[in-house]
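Here are the chains, one letter per residue:
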Amino acid sequence: MRVLERLDALYAIGGGPGANRLGGTPAEDEAHELAAGWMREGGLEVEVDPAGNLFGRLVGRRPELPEVWTGSHLDSVPNGGRFDGALGVVGGLEAVERLGERERTLVVIAFRDEEGCTGPGCRGSRALCSRRLEPMPAAFLELHVEQGPRLAEAGAPLGVVTGIAATARGQVVFEGREGHAGTTPMAGRDDALVAAAEFVLQLRDAAAAVDGAVATVGRLTVEPGASNVIPARVALSVDLRAPDDDRVEQVSALVPAELSRGRAVAMSPGLRSALVDELNARGLAAVELASGAGHDAGVLAAAGVPTAMLFVRSLNGGISHSPDELTAPEDVELAVEVLTGALDRLASSVDD
Ligand code: GLV
Ligand code: MN
Ligand code: MN
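Below, the structure is looked at part by part.

1. Some points on the coordination of the manganese ion (ligand 3)
Next up, step 1: Coordination of the manganese ion (ligand 3) by the protein comes from D84 (OD), E115 (OE), E115 (OE) and H321 (NE2), over a distance range of 2.1 to 2.5 Å.
Next up, step 2: The sequence motif formed by the donor residues of the manganese ion (ligand 3) is D-x30-E-x205-H.
Next up, step 3: Between the manganese ion (ligand 3) and the manganese ion (ligand 2) the interatomic distance amounts to 3.6 Å, and D84 serves as a bridging ligand to the pair. Pair noted here: D84 is in the loop between β3 (68-73) and α3 (86-99) and E115 is in the loop between β4 (106-111) and α4 (123-131), with a separation of 31 residues, a long-range link.
Next up, step 4: A residue is classified by how much of its surface remains accessible, and D84, at 6% relative accessible area, is buried.
Next up, step 5: Assessed through its relative accessible area of 11%, E115 is described here as buried.

Okay, here's the thing in structure tokens:
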């Protein structure tokens, strides 16, 4: 299957063991160049906007109408999986090629630097929406792996996303006093890493106490960072998420730093029902679920673009951001069929 071969080709960029295409690196550029070549092979017109987002356009019979967009991102976390982001781009391209010319122009997009491993994330889609780099489309549909266990538990290959979780992210700094590891009595220490460790545990407990909330400290910088010096300064990352803004606020109360917030966003009811109809037409139950992960779809929806997401079942317990990320080939094919059907409805309709 061509989609899987293309996922393999993207996975090989940047060297193993997992996907290593961090946003802003030459590996992300290489992935964009590869995808641009596939777009050209498929007869799409290729364009790169000033933020580096890649667009492949299949111009419609009525190019004056607002376009219909699909796509996702090609960057990955360090040692990421084969499907996260990449599936939405290659699956979107597959769907658009299967459709061919429709009334509206169909566009496949690869957004830049969605993961935001060192920054706020969704750099490309945020730039596009805040600077209005392109006329906004009539609709955006993002295909993505679920990255969790719920569809597998429900025995459903596909799901329709109701909304994307609220987030709060930032950095907390703990200051202490450096000193000699061998000569400073325990009682006299002001160890920044011990304070940071206590905070990490309190944050875990605070998130566990709020239904649906999660908190992660994924990056820690310890200074001076020598095994025989008491840590004088620790900077750590905080990533909080919950299904709604209030629950993120509850956990944020514990964090002694400014956090940058992303509000929870709902998907478009009209586009959700287009996906549900496509699932029902194939005799599939329409499982609806919220997304705990962030997505470019959330940025477009927050900017007022009618947006929906189709999730594909993740196997291996739903693991993601790991080389163990897995989705079955037959689920990928089904997802491309459903995406194709939904894009067809949207791109064939001339009503605004
Ligand atoms: C992106 O994968 C995120 O939700 O962190
Ligand atoms: Mn993703
Ligand atoms: Mn991701």
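2. Some thoughts on the pairing of strand β6 (residues 158-164)
Next up, step 1: Counting buried positions along β6 gives six out of seven residues, so the element sits mostly inside the fold.
Next up, step 2: Of the strand pairs in this sheet, β6 and strand β14 (residues 307-312) are connected by three bridges, and their pairing is antiparallel. By the bridge assignment for β14, V160 is matched with L310.
Next up, step 3: Two elements, β6 and strand β13 (residues 287-291), share four bridges in a ladder whose sense is parallel. Opposite G159, over in β13, you have V287 as the bridge partner.
Next up, step 4: Relative to strand β12 (residues 265-266), β6 is paired through two bridges, and the arrangement is antiparallel. Following the sheet pairing, I164 is matched in β12 by V265.

3. Remarks on the nonpolar core
Next up, step 1: Core analysis: the largest hydrophobic core is formed by 50 residues, its most contacted members being L87, L141 and L343.
Next up, step 2: Among the elements that make up this core, the one with the highest residue count is helix α10 (residues 329-348) (nine residues).
Next up, step 3: Residue contacts for L141: discarding those within four places in its chain leaves W69, T70, G71, L271, L275, A308, L339, A342, L343 and L346.

4. Considerations on the site of ligand 1
Next up, step 1: Taken together, E114, E115, R169, R241, A293, G294 and H321 make up the full set of residues adjacent to ligand 1.
Next up, step 2: One of the side-chain nitrogen or oxygen atoms of R169 is found 3.2 Å away from an oxygen atom of ligand 1.
Next up, step 3: Contact distances for ligand 1 include 2.6 Å between an oxygen atom and a backbone N or O atom of G294.
Next up, step 4: If ligand 1 stood free it would expose 190 Å²; the protein chains cover 92% of that surface.
Next up, step 5: A class-by-class count of the residues in the shell around ligand 1 yields one nonpolar, two polar and four charged.

5. A word on the coordination of the manganese ion (ligand 2)
Next up, step 1: Taken together, the protein donors to the manganese ion (ligand 2) comprise H73 (NE2), D84 (OD) and H144 (NE2), at separations of 2.0 to 2.2 Å.
Next up, step 2: Sequence spacing of the donor residues for the manganese ion (ligand 2), all on one chain, is H-x10-D-x59-H.
Next up, step 3: Residue class for H144 comes out buried when judged on its relative accessible area of 1%.

6. Re the packing of helix α8 (residues 269-281) against α10
Next up, step 1: Direction vectors running N to C along α8 and α10 enclose 130°, while the axes themselves pass 9 Å from each other. When the axis of α8 is compared with that of α10, the two are oblique. Relative to α10, the crossing made by α8 is right-handed. Of the residues in α10, those touching α8 at L271, A274, L275, D277, E278 and L279 are V338, G341, A342, R345 and L346.
Next up, step 2: Grouping the amino acids of the contact of α8 with α10 by side-chain chemistry returns seven nonpolar, one polar and three charged.

7. Comments concerning the packing of aromatic side chains
Next up, step 1: One pass over the structure, following the stated rule, counts three aromatic pairs.
Next up, step 2: Taken together, a centroid distance of 5.6 Å and an interplanar angle of 80° make the contact between F55 and W69 edge-to-face. A residue pair is termed long-range when its members are at least 10 positions apart, and F55 in strand β2 (residues 54-58) and W69 in strand β3 qualify at 14 residues.
Next up, step 3: Look at W69 and you get buried, because its relative accessible area is 0%.
Next up, step 4: Sitting over the face of the ring of Y11, R82 holds its NZ or CZ atom 4.0 Å from the ring centroid.

8. Re α4
Next up, step 1: Those residues of α4 not exposed but buried are G124, S125, A127, L128 and C129.
Next up, step 2: Downstream of α4 by a residue or two, R132 has a phi angle that is positive, lying close to 45°.

9. Topic: α3
Next up, step 1: Given a rise of 1.5 Å per residue, 14 residues ought to cover 20 Å, and the 20 Å separating the end C-alpha atoms of α3 matches this to within 8%.
Next up, step 2: Across the 14 residues that make up α3, a large majority, 12, are buried.
Next up, step 3: When we look at burial in α3, the residues that qualify are A86, L87, G88, V89, V90, G91, G92, L93, E94, A95, V96 and L99.
Next up, step 4: Of the residues flanking the end of α3, it is G100, one or two places downstream, whose phi is positive at about 70°.

10. Topic: the pattern of salt bridges
Next up, step 1: Using the criterion set out here, one finds 31 salt bridges in the structure.
Next up, step 2: Here R57 ties to E47 by a salt bridge, and the two come within 2.6 Å at their closest N and O atoms. Placement of R57 in strand β2 and of E47 in strand β1 (residues 45-48) is noted, with a sequence separation of 10 residues between them.
Next up, step 3: A relative accessible area of 10% means that R57 is categorised as buried.
Next up, step 4: Taking relative accessible area as the criterion, E47 reaches 30% and is therefore assigned partly exposed.
Next up, step 5: Of the charged contacts in the structure, one is a salt bridge between E249 and R261, with a shortest N-O distance of 2.5 Å. Taken together, the residues E249 in helix α7 (residues 245-252) and R261 in strand β11 (residues 260-262) connect sequence positions 12 residues apart.

Cut-offs and rules
Residues numbered from 1 in each chain as written. Chains lettered and ligands numbered in written order. Predicted model: local features only at pLDDT ≥ 70, side-chain atom pairs only at ≥ 80, totals over all residues. Heavy atoms only, no water. Donors = N, O, S within 2.8 Å, 3.2 Å for Na, K, Ca; no water. Helix = DSSP H or I, 4+ residues; strand = E, 2+ residues; numbered from the N terminus. Buried < 20%, exposed > 50% of the residue type's maximum accessible area, 1.4 Å probe, protein only. Pairing = 2+ DSSP bridges. Core = buried A, V, L, I, M, F, W, Y, C linked by side-chain atoms within 4.5 Å. Contact = heavy atoms within 4.5 Å. Near = heavy atom within 4 Å. Polar contact = N/O pair within 3.5 Å; in protein donor to acceptor, adjacent residues only side chain to side chain. Areas by Shrake-Rupley, 256 points an atom, 1.4 Å probe, with all protein chains shown as cover. Nonpolar A, V, L, I, M, F, W, Y, C, P; charged D, E, K, R; others polar. Axes fitted to C-alpha atoms, helices over the stretch in contact; angles between N-to-C directions. Parallel < 35°, antiparallel > 145°, perpendicular 65-115°, else oblique. Left-handed = near helix turned anticlockwise from the far one by under 90°. Phe/Tyr/Trp six-rings, centres within 6.5 Å; stacked < 30°, edge-to-face > 60°. Lys NZ or Arg CZ within 6 Å of the ring centre and 35° of its normal. Expected span 1.5 Å × (residues − 1). Salt bridge = Lys/Arg side-chain N within 4 Å of Asp/Glu carboxyl O.

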